[in-house]
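Chain by chain, the residues:
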Amino acid sequence: MLPSLLVYPVILHKETVGGFSVEVPDIGWTQGDDPADALAMAQDLIGTALAGEDTVPPATPFDQIEVSAPDMKALVSIDLELFCRQHPVMVRKHVSIPDYLNDLGIERGINFSKLLTEALHLRLDA
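Visitor: Would you take a moment to explain helix α4 (residues 112-124) for this structure?
Guide: Helix length check: α4, at 13 residues, gives a terminal C-alpha distance of 18 Å against a target of 18 Å (1.5 Å per residue), a fit within 8%. Phi for Asp-125, located one or two positions after α4, is positive at around 50°.

Visitor: Quick question: what am I supposed to make of the nonpolar core here?
Guide: What tends to happen in soluble globular proteins is that the nonpolar side chains get buried as a cluster. Judged by nonpolar contacts, the single largest core of 17 residues is most densely connected at Val-10, Val-24 and Ile-46. Within the residue set of this core, elements represented by two or more residues are β1 (5-14), β2 (20-24), α1 (35-50), β4 (72-79) and α2 (80-86). Broken down by element, this core gets its largest block of residues, 5 residues, from α1. Setting aside its immediate chain neighbours within four residues, Val-24 contacts Tyr-8, Pro-9, Val-10, Ala-42, Leu-45 and Ile-46.

Visitor: Mind showing me how you'd approach a nonpolar patch on the surface here?
Guide: A cluster of nonpolar side chains, namely Val-95, Ile-97, Tyr-100, Leu-101, Leu-104, Ile-106, Ile-110, Phe-112, Leu-115, Leu-116, Leu-120 and Leu-124, defines an oily patch on the protein surface of about 1,100 Å² accessible area. For the nonpolar patch, the secondary-structure elements that each account for two or more residues are α3 (99-107) and α4. Relative to the helices and strands, Leu-124 is located in helix α4. The class of Leu-124 is exposed, set by a relative accessible area of 59%.

Visitor: Any chance you could explain the packing of aromatic side chains here in plain terms?
Guide: The description of two aromatic rings rests on the distance between their centres and on the angle between their planes. According to the stated counting rule, one finds 0 aromatic pairs in the structure shown. One Lys or Arg, Lys-73, reaches over the ring of Phe-62 and ends 4.4 Å from the middle of that ring.

Parameters at a glance
- Residues numbered from 1 in each chain as written.
- Predicted model: local features only at pLDDT ≥ 70, side-chain atom pairs only at ≥ 80, totals over all residues.
- Heavy atoms only, no water.
- Helix = DSSP H or I, 4+ residues; strand = E, 2+ residues; numbered from the N terminus.
- Expected span 1.5 Å × (residues − 1).
- Core = buried A, V, L, I, M, F, W, Y, C linked by side-chain atoms within 4.5 Å.
- Buried < 20%, exposed > 50% of the residue type's maximum accessible area, 1.4 Å probe, protein only.
- Contact = heavy atoms within 4.5 Å.
- Patch = residues over 30% accessible without salt bridge, like charges linked within 9 Å, V, L, I, M, F, W, Y side chains within 5 Å.
- Areas by Shrake-Rupley, 256 points an atom, 1.4 Å probe, with all protein chains shown as cover.
- Salt bridge = Lys/Arg side-chain N within 4 Å of Asp/Glu carboxyl O.
- Phe/Tyr/Trp six-rings, centres within 6.5 Å; stacked < 30°, edge-to-face > 60°.
- Lys NZ or Arg CZ within 6 Å of the ring centre and 35° of its normal.

The following block contains the structure:
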């Protein structure tokens, strides 16, 4: 089972035309308008890259990351379980229901996917 809380080092590179490029050495690159946005984008990159994976790359130790001014290094943490809940990957399920319920649902404008999702949240206390 993967750890829920992940921490990775990042390097913020100030761009001459504005904004910041963000290097997550163990994952990839992204960008942001300012340092706070850049760190948020790094979290999103990490979550997107690792959601649904069976393993995660080990984080490079922070003290092994070398930067020169004006670049900055920082640590970014992300709760991968929470990220996956907030950014779910939708899956298609085939379900069978009685035809009269199907007809009534259509007649009343029921969104069957939404209804099933809500029922699963209640049943699973999720």
